[in-house]
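Understanding the architecture of this molecule
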Amino acid sequence: MMESSRFALFCGLAFILLVLHPVCGDVSYSIPEEMKRGSVIGNIAKDLGLDLGRLSARKARIDTEDNSVKYCSVNLNTGDLIVQERIDREGLCAKKASCVLKQELVLENPLELHRVSIRVQDINDNSPQFKEESLKFEIHESAVKGARFLLGEAHDGDIGENAVQGYSIQQNDHFKLNVNTKAGGRKYGELVLDKELDREDKKEIMLLLTAFDGGSPQRSALDGGSPQRSGTVVIHVTVLDANDNAPVFSQAVYKASLPENSPVDTVVVTVSATDADEGINGDVTYDFGHVTEDVKRVFTIDRKNGKITVNGEIDFETVANYDLRIKAKDGLGLSSYTKVTIDVTDVNDNIPVIYVKSLANPIPENVSPGTEVGIINVQDADSENNQLVRCSIQQGAPFKLVPSIKNYYSLVTTGQLDRELVSDYNITITATDEGSPPLSSSKSVQLSVADINDNPPVFEDQSYSAYVSENNKPGSTLCSVTARDPDWRQNGTVIYSVLPGEVNGAPVSSYVSVNGDTGVIHAVRSFDYEQLRSFKVQVMARDNGSPPLSSNVTVSVFVSDVNDNSPQILYPAPEGNSFMTELVPKAAHGGSLVSKVIAVDADSGQNAWLSYEIVKSTDPGLFTIGVHSGEIRTQRDISESDSMKQNLIVAVKDNGQPSLSATCSMYLLISDNLAEVPELKDISYDEKNSRLTSYLIIALVSVSTFFLTFIIIILGVRFCRRRKPRLLFDGAVAIPSAYLPPNYADVDGTGTLRCAYNYDAYLTTGSRTSDFKFVTSYNDNTLPADQTLRKSPSDFTDVFGDLDESSEV
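Right, let's get into the sheet that holds strand β23 (residues 307-310). Note: strands within a sheet are paired through backbone hydrogen bonds, in either parallel or antiparallel orientation. Pairing is antiparallel across the open sheet formed by 3 strands, whose spatial order is β19-β23-β22. At either end of the open sheet lies a strand with only one pairing partner, and these are β19 (267-270) and β22 (299-301). Each strand axis lies, on average, 20 degrees off the axis of its neighbour in the sheet, ignoring direction. Bridge count for β22 against β23 is 3 bridges, and the pairing is antiparallel. Bridge pairing in β23 links Ile-301 to Ile-308.

Here it is in structure tokens:
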């Protein structure tokens with residue numbers, strides 16, 4: 001209980017000394033050794049003026065210069081520096097008067113490095129120990145009173161007041177103990193002969209030698225004190241004849257230099273001691289004094305010749321120098337000591353070691369040049385020039401190393417990153433020291449580039465064209481558009497859509513649709529070439545990034561024609577409530593133009609190429625029709641034997657596959673005037689002709705005054721007709737023009753009426769009514785179809801009855 005109180009008091013005093021014993025560095029502390037794990041050394045955040053709330057964000061941690069054992073750690077919540085591993089001053093510093101443990105506080109963002117020096121105070125936790133289990137002396141009985149015999153030193157791992165402070169010897173009749181202090185402050189004992197020996201009285205004497213350190217007693221209930229510790233050894237004295245000379249070394253201190261990594265059996269130094277005695281009293285043997293077991297594993301000494309050789313591994317980075325205590329002893333037990341100092345010289349035998357302390361991975365591809373992405377630390381256990389290190393990375397990578405604090409480097413970007421070009425970087429860091437020959441090491445660091453949505457979708461073609469036949473099925477595929485996005489995952493996922501618009505006043509969505517995933521464009525409706533020949537659609541490709549990027553492309557849809565329209569005959573008008581007739585002069589010669597069939601086809605191209613054919617006629621050899629023009633001409637001259645009434649059935653075919661056709665009937669009267677046709681004398685005009693009849697009556701009344709003049713003109717005209725009939729009838733009958741719908745094209749060779757055909761005809765109704773009709777060019781003032789000679793179908797039944805019978809024959 002008393003020892004525990006004294007220990008607590010000692011710890012308390014050690015904490016008070018925290019600010020009284022500064023050590024070089026940014027912050028210093030002083031603590032006793034053997035503190036429990038988790039004990040608080042001090043509040044390093046407060047002592048360094050650090051923001052307690054940012055310790056965790058800045059990854060505050062304790063590190064060491066040589067990456068050895070980390071004895072301390074930082075509590076990120078309180079900022080306390082706490083003990084993490086057992087701190088044994090004797091294991092760290094052995095007999096050094098000052099024991100300083102160097103640690104480093106490392107903070108990131110930005111990088112800071114603070115040196116922490118911890119002075120480890122010694123506590124009395126080691127008892128004095130003697131090297132031998134017993135001390136044997138052979139003392140000649142002739143030894144005089146006051147003769148001194150050097151006793152072996154007791155070793156105490158502690159230092160200062162806790163080291164060996166004195167010796168005591170068991171009460172006896174012959175010897176007393178004399179305690180002396182060496183130049184280094186170490187105490188040693190001498191056995192002093194206080195009363196002459198009498199070998200005949202007593203041959204052997206057994207004494208107990210006690211060594212004690214400087215412990216202190218408990219002063220109060222709160223003071224645990226530092227209990228005094230001690231060690232003992234038995235002194236075995238054998239009384240012999242006189243041996244009055246101890247061995248003497250040739251040098252008080254021996255010094256040697258030894259390169260590290262020296263091979264085993266390398267001779268370091270040879271010590272030599274002489275003894276003035278003769279015989280067995282002058283035989284000298286050598287041995288190590290009090291040295292650690294580590295030293296015995298490294299060096300060995302020849303007991304006979306004093307040669308010290310290498311017995312183990314010599315490493316400058318582990319131990320830079322050795323202090324050996326060598327003992328020389330004569331045959332009868334007298335001994336002396338000398339000191340051997342061995343300095344180990346450094347050899348460049350340690351390669352630089354690269355540590356990646358921090359690494360940002362992956363790196364966004366939009367980081368600006370100069371961004372820090374990692375922290376590299378390089379350590380070399382050698383010294384001086386062998387410890388100097390140069391660090392570099394391979395060429396070609398957009399990164400560089402920037403020296404920072406001490407052996408730290410910042411890995412920063414030097415240019416703009418682009419994941420679509422390079423998505424991963426394998427960076428090789430090389431560290432080379434300045435030794436001779438130089439040593440180097442490398443470390444590979446894998447960095448990945450994170451994708452940013454910086455690329456819009458790009459269509460494979462600048463524009464697309466789709467061709468579809470009319471009358472297609474709704475839902476049929478028109479074409480496919482494809483856009484590529486080099487970004488990754490959702491940033492590179494492309495979605496297709498049709499942009500809003502109108503086609504012929506209707507939404508474009510009512511015409512086409514697009515598959516959002518595949519880009520396949522489908523027809524929503526069936527197209528009609530005659531109504532819509534082509535249209536354009538804007539298709540948008542959008543990625544799934546945030547924010548999304550998009551691009552557009554124009555898709556031109558062309559509707560191709562299908563032969564789905566039969567030819568439409570414009571002239572003669574389709575059979576209905578009336579028949580249309582043409583007059584053919586009797587004097588018409590072969591090849592004369594009689595009439596023309598006018599037809600159109602709503603299709604286009606070869607589907608609208610029309611051909612004409614007479615499929616049935618009253619007289620097959622009398623008339624012919626132009627295959628492509630539709631012009632009806634006489635094949636021969638008209639003869640008197642030809643029937644006055646001719647009926648032609650004309651078929652009009654297009655050039656489509658399959659071909660479509662239409663037919664019409666053409667009624668021809670071979671006559672010079674209408675008066676020659678009895679059945680046409682009483683022509684009744686319908687309501688539409690009543691106005692024309694009124695105009696004719698008014699005209700007849702107005703010219704009645706000039707009756708004689710008209711008679712002369714009429715006679716002159718009739719006279720001219722008899723002499724030159726071809727002047728009247730060449731050109732045959734006027735063909736009225738028809739209205740062409742706006743959707744019909746008038747193309748050469750298609751069979752439609754060409755503007756080059758103009759006809760003038762002069763007709764008379766005969767002498768019974770003495771009236772006439774004058775028709776000018778139909779291009780300027782066309783006589784409408786409903787104003788030609790008409791009768792109801794029943795009226796023409798009798799007229800053309802014989803014609804039908806003759807055609808059947």
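Moving on, we get to the side chain of His-114. With respect to the helices and strands, His-114 occurs in strand β7 (residues 112-121). Looking at His-114, its side chain comes within polar contact range of the side chain of Glu-112, at 3.1 Å.

Once that is clear, we can look at the packing of aromatic side chains. Tallying each qualifying case throughout the model produces 9 aromatic pairs. Summarising the aromatic geometry, the rings of Phe-249 and Tyr-286 are spaced 6.4 Å apart at their centres and angled 50 degrees between planes, so their arrangement reads as tilted. On the criterion of sequence distance, the pair formed by Phe-249 in strand β17 (residues 248-249) and Tyr-286 in strand β21 (residues 285-288) is long-range, its members being 37 residues apart. Accessibility expressed as a relative area gives 11% for Phe-249, which makes it buried. Here Tyr-286 falls in the buried class, since its relative accessible area comes to 5%. Ring geometry for Tyr-511 versus Phe-535: centroids 5.6 Å apart, planes at 50 degrees, classification tilted. With Tyr-511 in the loop between β40 (506-507) and β41 (512-514) and Phe-535 in strand β43 (residues 534-543), this residue pair connects regions lying 24 residues apart in the sequence. Taking the relative accessible area as the measure of exposure, Tyr-511 reaches 6% and is therefore buried.

Moving on, we get to the nonpolar core. Leu-478, Val-512, Ile-521, Phe-527, Phe-535 and Val-555 are the most contacted members of the largest nonpolar core, which has 29 residues in total. Only β35 (463-469), β36 (477-480), β38 (494-498), β41, β42 (520-523), β43 and β44 (550-560) provide two or more residues apiece to this core. Residues within four places of Ile-521 in sequence aside, it is in contact with Ser-476, Thr-477, Leu-478, Cys-479, Val-481, Val-512, Ser-513, Val-514, Val-539 and Val-555.

Attention now goes to the sheet that holds strand β2 (residues 40-43). In space, the 3 strands of this open sheet follow the order β2-β5-β4, with antiparallel pairing throughout. Each of the sheet's edge strands pairs with one partner strand only, and the pair in question is β2 and β4 (72-74). For this sheet the average axis-to-axis angle between neighbouring strands, irrespective of direction, equals 25 degrees. Direction of pairing for β2 relative to strand β5 (residues 80-83): antiparallel, over a ladder of 3 bridges. Each residue of the ladder has a partner; that of Val-40, found in β5, is Ile-82.

Reading the values: the criteria
Residues numbered from 1 in each chain as written. Predicted model: local features only at pLDDT ≥ 70, side-chain atom pairs only at ≥ 80, totals over all residues. Heavy atoms only, no water. Pairing = 2+ DSSP bridges. Helix = DSSP H or I, 4+ residues; strand = E, 2+ residues; numbered from the N terminus. Axes fitted to C-alpha atoms, helices over the stretch in contact; angles between N-to-C directions. Polar contact = N/O pair within 3.5 Å; in protein donor to acceptor, adjacent residues only side chain to side chain. Phe/Tyr/Trp six-rings, centres within 6.5 Å; stacked < 30°, edge-to-face > 60°. Buried < 20%, exposed > 50% of the residue type's maximum accessible area, 1.4 Å probe, protein only. Core = buried A, V, L, I, M, F, W, Y, C linked by side-chain atoms within 4.5 Å. Contact = heavy atoms within 4.5 Å.

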